[in-house]
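Overview (structure and organization)
Here's the letter readout for the chains.
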Amino acid sequence: MIIGVPKEIKIQEFRVGLTPAGVQGLTAKGHQVYVQASAGEGSGLSDAQYKEAGAHILATAAEVYAIADMIVKVKEPLAAEFPLIKKNQILFTYFHFAASRELTSAMLSSDAVCIAYETVELADRSLPLLTPMSEVAGRMAIQVGAFYLGKPQGGKGKLLGGVPGVKPANVLVLGGGVVGTQAAKMAAGLGANVTIMDTNLARLRYLDELMPANVSTQFSTSYAIQEALPSVDLVVGAVLLHGAKAPHLIKRDDLKKMAPGTVLVDVAVDQGGCIETCKPTTHENPIYEIDGIVHYCVANMPGAVPQTSTMALTQATLPYVHLLANLGWTEACIQNEALNKGLTIYDGKLFHPGVAAAFNL
């Protein structure tokens with residue numbers, strides 16, 4: 001198979017879909033890999049390294065799309081890339097379709113085969129290609145939240161962990177999955193007072209055993225969230241409904257219950273956000289303020305730490321890239337149920353109920 005790796009064009013996105021190690025493994029199996037010039041530079045990977053691993057370097061994304069049977073990316077195609085996509089071309093990347101009607105419509109019109117990283121799902125319902133980036137985003141949520149709590153950035157002016165004689169900040173984590181767990185661990189490690197809310201009692205029991213004493217668990221209800229908001233300093237939105245739009249757990253009117261300078265970090269933004277006032281931002285302009293509340297809603301948070309993120313992502317995606325390259329998408333999806341769950345669009349039809357529900361399709 002001919003595999004293409006274009007350079008990511010989302011603002012401040014520095015990750016890349018394949019590393020030289022991945023290229024070497026694919027070329028050893030007889031596949032051809034074409035990489036756009038400087039695609040890996042943001043992750044510290046040079047064109048020379050890709051060449052040495054057996055890749056061909058092409059100057060433009062148009063050339064990569066034109067030659068490739070399968071495109072391996074990190075982020076969803078943007079409008080500038082839509083015309084480059086060919087009929088029956090495999091696109092293997094994060095799509096987050098439920099957050100964008102425009103993207104969904106464009107991919108349906110393209111007749112491409114769209115396999116979404118975020119909905120590849122194992123038998124235990126875990127998401128092997130979303131997990132590594134969720135781990136990065138969860139940890140980053142506390143780093144950025146702690147920074148924006150600083151007064152010069154518009155926050156309350158609180159140190160997350162406090163100091164002897166001064167209470168630490170209160171952190172509310174909405175969702176006890178991978179993002180929420182990593183966020184809570186980071187916040188607890190810095191000394192914050194952390195509450196994790198979730199509706200899964202089994203998960204709450206597990207987290208209660210796992211977490212240190214400065215982390216408490218609470219069953220998530222609208223009442224419980226409302227009760228917590230007046231005293232919270234940092235909220236991390238970490239809600240995930242597999243492939244579907246996230247529910248709004250904090251509404252516009254709820255901002256009035258929070259003290260000015262409270263920070264909201266909505267990691268669920270790429271699935272529509274679990275905070276009603278959330279709208280996607282970029283690393284160039286990561287925050288905005290509504291009613292005195294600081295919103296951080298960057299849709300590609302792990303893109304800021306690409307040397308970590310690219311390695312974490314590609315070591316998870318590469319086995320599936322091999323399956324698709326070796327067997328073709330039809331046979332690969334028949335043989336691998338997890339990959340089949342990621343198959344979202346083909347033959348101009350949508351096959352994911354969560355995305356269909358988001359747009360009434």
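What you see is a predicted model, and the numbers here were worked out from it, not measured in a lab.

1. Some details on the sheet that holds strand E2 (residues 32-36)
Spatially, E3-E2-E1-E4-E5-E6-E14-E15 is the arrangement adopted by the eight strands of the open sheet, whose pairing is mixed. Only two strands of the sheet have a single partner each, and these edge strands are strand E3 (56-58) and strand E15 (349-350). Bridge count for strand E1 (residues 2-5) against strand E4 (residues 70-72) is two bridges, and the pairing is parallel. What sits directly across from Gly4, in E4, is Ile71. Running at roughly 55° to strand E14 (residues 343-346), helix H4 (residues 101-110) makes contact with strand E5 (90-93), strand E6 (113-116), E14 and E15 of the sheet.

2. Observations regarding the pattern of salt bridges
In the structure shown here, the tally under the stated rule is twelve salt bridges. Between Glu8 and Lys73 there is a salt bridge; the shortest N-O distance is 2.9 Å. Residue Glu8 is found in the loop between E1 and helix H1 (20-28), and its partner Lys73 is found in the loop between E4 and E5; the two are separated by 65 residues along the sequence. As far as burial versus exposure is concerned, Glu8 and Lys73 are alike and both buried. Notably, a salt bridge pairs Asp254 with Lys257, separated by 3.4 Å at the nearest N-O pair. Asp254 sits in the buried class, given a relative accessible area of 6%. Judged by its relative accessible area of 37%, Lys257 is partly exposed.

The rules behind the values
The residue numbers shown here count from 1 along each chain, following its written sequence. Restriction of local features to residues with pLDDT of at least 70 applies here, the model being predicted, together with a cutoff of 80 or more for giving and counting side-chain atom pairs; totals for whole chains, interfaces and linings are based on all residues. No hydrogens and no water enter the side-chain calculation; it runs on all heavy atoms of the structure. Whether two strands pair comes down to DSSP finding at least two bridges between them. Only DSSP runs of H or I reaching four residues or more are called helices, and only runs of E reaching two or more are called strands; each is numbered from the N terminus. A contact between two residues is defined here by any heavy atoms of the two lying within 4.5 Å. Convention adopted: a line fitted to C-alpha atoms gives each axis, helices being fitted over their contacting stretch, and angles between N-to-C directions are expressed from 0 to 180 degrees. One speaks of a salt bridge when a side-chain nitrogen belonging to Lys or Arg is within 4 Å of a carboxyl oxygen belonging to Asp or Glu. A simple rule labels every residue: compare its accessible area, found with a 1.4 Å probe on the protein chains alone, to the largest value its type can have, and call it buried under 20%, exposed over 50%, or partly exposed in between.

Any link to function would need more than the numbers given here.
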